[in-house]
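# Descriptive analysis of the structure
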Amino acid sequence: MTKDELYTFFHDSGIVPVVKIDDAEKAVPLAKAMIDGGINSAEITFRTAAAEEAIRKVTAAFPKMVVGAGTVINPQLAEKAVAAGAKFIVSAGFNKDTVAWCLSHNIPVVPGVCTPSEIEMGLSMGLNVLKFFPAEASGGVAMLKDLSGPFSQVRFMTTGGINPNNLPDYAKASNVLAIGGSWMVKADLIENENWEEITRLCKEATVKLQGIQLAHVGINLPDADAAAGVADEFAKLGLEIKNGNSSIFMNKEIEVMKKNYLGKNGHLAFRCYDLERTAYFLKNKGFTINEETVSYDAKGRMKVFYVNEEIGGFAVHFIK
Ligand code: 3PG
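Residues numbered from 1 in each chain as written. Predicted model: local features only at pLDDT ≥ 70, side-chain atom pairs only at ≥ 80, totals over all residues. Heavy atoms only, no water.

### Quick notes on the pattern of salt bridges
In plain terms, the rule: Salt bridge criterion: a side-chain nitrogen from Lys or Arg within 4 Å of a carboxyl oxygen from Asp or Glu. Secondary structure elements are defined from DSSP: runs of H or I of at least 4 residues count as helices, runs of E of at least 2 residues count as strands, and each element is numbered from the N terminus. Relative accessibility decides the category of a residue: with a 1.4 Å probe and only protein chains considered, values under 20% of the type maximum give buried, values over 50% give exposed, and everything between is partly exposed.
Per the stated rule, a full pass over the model turns up 13 salt bridges. The shortest N-O distance in the salt bridge between Lys57 and Glu53 comes to 3.7 Å. With Lys57 and Glu53 both in helix α3 (residues 51-61) and four residues apart, this pair spans about one turn of that helix. For Asp274, the salt bridge identified is with Arg301, shortest N-O distance 3.1 Å. With a gap of 27 residues between them, Asp274 in the loop between β14 (266-271) and α12 (275-284) and Arg301 in the loop between β15 (289-296) and β16 (302-307) connect regions that are remote in the sequence. Under the relative-accessibility criterion, Asp274 is labelled buried at 10%. In the salt-bridge network here, residues are joined through shared partners; they are Glu25, Glu52, Glu53, Arg56, Lys57 and Lys80.

What follows is the structure in structure tokens.
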């Protein structure tokens, strides 16, 4: 995986759990619980003596899982972590020596920053992906928004104080590459081998990351006249009618198609925060993207896509 592929993976998967593990024997069942919950990455922190062995065991058991090392405070630890199989290096603070070692060994490194000066240190070493830590205590999404002004080229992996309640705020922030945290892999859950709860919390996190909400229902009609007739019926209910090229919208929530479009019974449109992330999420659930329906905005970001699978006879599409 190249650095750019890793960043794309971070963005699309969106969540990187921060793991502190005391017993390396628990690392493989822990990783399995996370994978079962739809999360395929982990930052295993060097806050315990078991970290190195845990990285070794997880990368051996799940070669496709993207495992990195966290709390790497010097180049020696980075070297150890990489030898154990870590695919990226994370630190809470900014250590020039660690960053330099990783760069010279072609290892993706995400050092922690929480001030403009530290961000500039990162930029001066060629890094435009940085860890924003401790996120909540340093100002959270308000701070991230302010940082996006002078540092529009920087994207952040945010950790520290994030939980299922404030996760959607981070998911909506345009300069957040991925969200990290320990809430779904708390030490006591690992200690008590509560794998089911870890899987549940991982699933919950991946769902909250999407912000999927029904936007409108689409009704298929064979032609424009038939569509106009149906629109007249809805108009009797007092719905606001907006006539478009291929369909008529009523109150934004009902779309009457002027021809039989996708879906046996019509279509359901869902809004989400980020279409690339939701595409990744849906693929993990067994859906496939209908490539012919994907369209992109001026920045090359997905604007709309359908999945190939219908639900209850409805075609399903996603919009931002
Ligand atoms: C980290 O190192 O990123 C943090 O310990 C994770 O923060 P959290 O425990 O508040 O989620």
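### Observations regarding the site of the ligand
Test applied: In this text, near means that some heavy atom of the residue lies within 4 Å of the molecule or strand in question. Any N or O atom pair separated by 3.5 Å or less is treated as a polar contact, with the protein-specific requirement of one donor-capable and one acceptor-capable atom, and with residues adjacent in sequence counted only for side-chain atom pairs. In this description, accessible areas are obtained by the Shrake-Rupley approach with a 1.4 Å probe, and a residue is regarded as covered only by the protein chains that are shown. Classification used: nonpolar for Ala, Val, Leu, Ile, Met, Phe, Trp, Tyr, Cys and Pro, charged for Asp, Glu, Lys and Arg, polar for all others including Gly.
Around the ligand sit Val18, Arg47, Lys131, Phe133, Thr159, Gly160, Gly161, Gly181 and Ser182, and those are all the residues in its vicinity. In this structure, Arg47 approaches the ligand through a side-chain N or O atom, which is 2.3 Å from an oxygen atom. Within the contact set of the ligand, an oxygen atom lies 3.3 Å away from a backbone nitrogen or oxygen of Gly160. Notes on the ligand: free accessible area 310 Å², of which the protein chains cover 82%. Taken together, the residues of the shell around the ligand sort by class into two nonpolar, five polar and two charged.

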